[in-house]
Amino acid sequence: MKKFLAVSGGIDSVVMLYLMRNDESVVVLHFDHGIRPSSAEDCEFVKRLAKQYGLPFISEQAKLGEDCSEERARKERYAFFKAQLKEPGDKIFTAHHRDDLLESAIINLFRGTGWRGLAPLRDKNLCRPLLNMSKADIYKIATENKLSFRLDQSNSEDKYLRNRIRQKLIECPLRDKQKLVELALKQRLIADEIDELLETAFPKQGHYSRSIFKETDEAVALEILRHVLRPEFSLTRPQLERALEAIRNFQPGKRFSLSKDGFLLIKKYNFTIEQTGV
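Residues numbered from 1 in each chain as written. Predicted model: local features only at pLDDT ≥ 70, side-chain atom pairs only at ≥ 80, totals over all residues. Heavy atoms only, no water.

(A) The arrangement of unusual backbone geometry in detail. A cis amide bond links Arg 230 to the next residue, Pro 231, at an omega of 5 degrees. Summarising the element assignment, Pro 231 is placed in the loop between helix H9 (218-229) and helix H10 (237-249). In this structure, Lys 146 is a non-glycine residue whose phi angle is positive, near 50 degrees. Among the structural elements, Lys 146 can be located in the loop between helix H5 (135-144) and helix H6 (161-171). (Helix = DSSP H or I, 4+ residues; strand = E, 2+ residues; numbered from the N terminus.)

(B) Looking closely at the sheet that holds strand E6 (residues 207-209). Taken in spatial order, the 4 strands of this open sheet run E6-E9-E8-E7, and their pairing is antiparallel. The open sheet has two edge strands with one neighbour each: E6 and strand E7 (255-259). In this sheet, adjacent strand axes meet at a mean angle of 25 degrees when their direction is disregarded. Sheet topology places E7 next to strand E8 (residues 262-266); 4 bridges connect them, and they run antiparallel. Across the sheet, the residue bridging to Arg 255 is Leu 265, located in E8. Against the sheet, H9 contacts E6, E7, E8 and strand E9 (270-275), and its axis sits at roughly 40 degrees relative to E9. (Pairing = 2+ DSSP bridges. Axes fitted to C-alpha atoms, helices over the stretch in contact; angles between N-to-C directions. Contact = heavy atoms within 4.5 Å.)

(C) Geometry of the environment of Ser 148. One can find Ser 148 in the loop between H5 and H6. With 134 residues separating them in the primary sequence, Ser 148 and Val 14 have C-alpha atoms 7.9 Å apart. Look past the residues within four positions of Ser 148 in its chain and what remains in contact with it is Val 14 and Phe 45.

(D) Structural context of the nonpolar core. Counting residues in each nonpolar core, the largest one holds 25 residues, and the members touching the most others are Leu 5, Val 15, Met 16, Leu 17, Val 28, Tyr 53 and Leu 147. If you list the elements that add at least two residues to this core, you get helix H1 (11-19), strand E2 (26-32), helix H2 (39-52) and H5. Here this core takes 6 residues from H1, the largest share from any one element. Judged by nonpolar contacts, the second largest core, of 21 residues, contains Leu 198, Ala 221, Ala 243 and Ala 246. (Core = buried A, V, L, I, M, F, W, Y, C linked by side-chain atoms within 4.5 Å. Buried < 20%, exposed > 50% of the residue type's maximum accessible area, 1.4 Å probe, protein only.)

(E) Layout of H2. Its 14 residues place the ends of H2 20 Å apart at the C-alpha level, agreeing with the 20 Å of an ideal helix rising 1.5 Å per residue. Every buried residue of H2 is accounted for by Ser 39, Asp 42, Cys 43, Phe 45, Val 46, Leu 49 and Ala 50. Considered in projection along H2, the buried side chains sweep an arc of 160 degrees and stay on one side of the axis. The outward face of H2, more than 90 degrees from its buried face, is lined by the exposed residues Arg 48, Lys 51 and Gln 52. The inward-facing, buried residues of H2 contact H1, E2 and strand E3 (57-61). Backbone geometry just downstream of H2 places Gly 54 in the positive-phi region, at approximately 70 degrees. (Expected span 1.5 Å × (residues − 1). Arc of directions from axis to C-beta.)

(F) Just the environment of Ser 8, in detail. With respect to the helices and strands, the residue Ser 8 is situated in the loop between strand E1 (3-6) and H1. Sequence separation between Ser 8 and Phe 31 is 23 residues, and the spatial gap between their C-alpha atoms is 7.2 Å. Aside from chain neighbours lying at most four places away, what touches Ser 8 is Ser 13, His 30, Asp 42 and Val 46. Among the polar contacts made by the side chain of Ser 8, one reaches the main-chain amide nitrogen of Gly 10 at a distance of 3.1 Å. (Polar contact = N/O pair within 3.5 Å; in protein donor to acceptor, adjacent residues only side chain to side chain.)

(G) Main features of the sheet that holds E3. Taken in spatial order, the 5 strands of this open sheet run E3-E2-E1-E4-E5, and their pairing is parallel. In this open sheet, the two strands that pair with only one neighbour each are E3 and strand E5 (126-127). Pairing analysis gives 4 bridges linking E1 to E2, with the strands arranged parallel. Of the residues in E2, the one forming a bridge with Leu 5 is Val 28. Across the sheet, H1 is in contact with E1, E2 and strand E4 (91-93); its angle to E1 comes to roughly 150 degrees. Each of E1, E2, E3, E4 and E5 touches helix H3 (residues 70-83); the most contacted strand, E2, lies at about 150 degrees to it.

This is the structure in structure tokens:
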């Protein structure tokens, strides 16, 4: 089993690497988005850090350009990370912390993900060892151990939603932030429990009865639909609502597009989830 650490060179991932530096199963990963002129220097910094700790280093360079969106950059980055998982038990480690949890929850609510927006960062293929730490905790470790790290200037640019939310949270009273974090952590536990129940009650299969979705309360039906569509299709709350409407009301033979990669094929008594190109 290998532990692939996603290290950007910023303070969070540098602290994560420092804390796990003595683990012989660690492999250091770095993805150069090619968005900033200085990104090549970040890659060299992480490469030297991995060498200093005597750890394997794997990197990939992309040329996404300055106009690349946050979403595309994230997809490209995680595609590289997950491509490294070749053996059972291999895991990706990211340096998300408690402040990231709160920022992600707020962003998800902006994007209309419903109550699950308050339970972010729950990918079972990703490990987040710093999730119980605050940004202040991370700075303390870096200072006490005289750790060097790279500064990403894009973190201060207003064009990114996360940066604007981060600035507002800095102005938020600490007590209020703590309450929001506690709420997000509770929601994560609730979401985990619901997912476990759904996995037992609705195992993945080739077709699903329309009657279940017609006769069940809408909120419950949406949770079931979300479960049977994932991981191939990750829809927002409004998209799930439209898909549920199609399951309930479309005539047999009609299709409902989920994305460019697939659709629902509606039949008289059931529906199937079809993937294009499969």
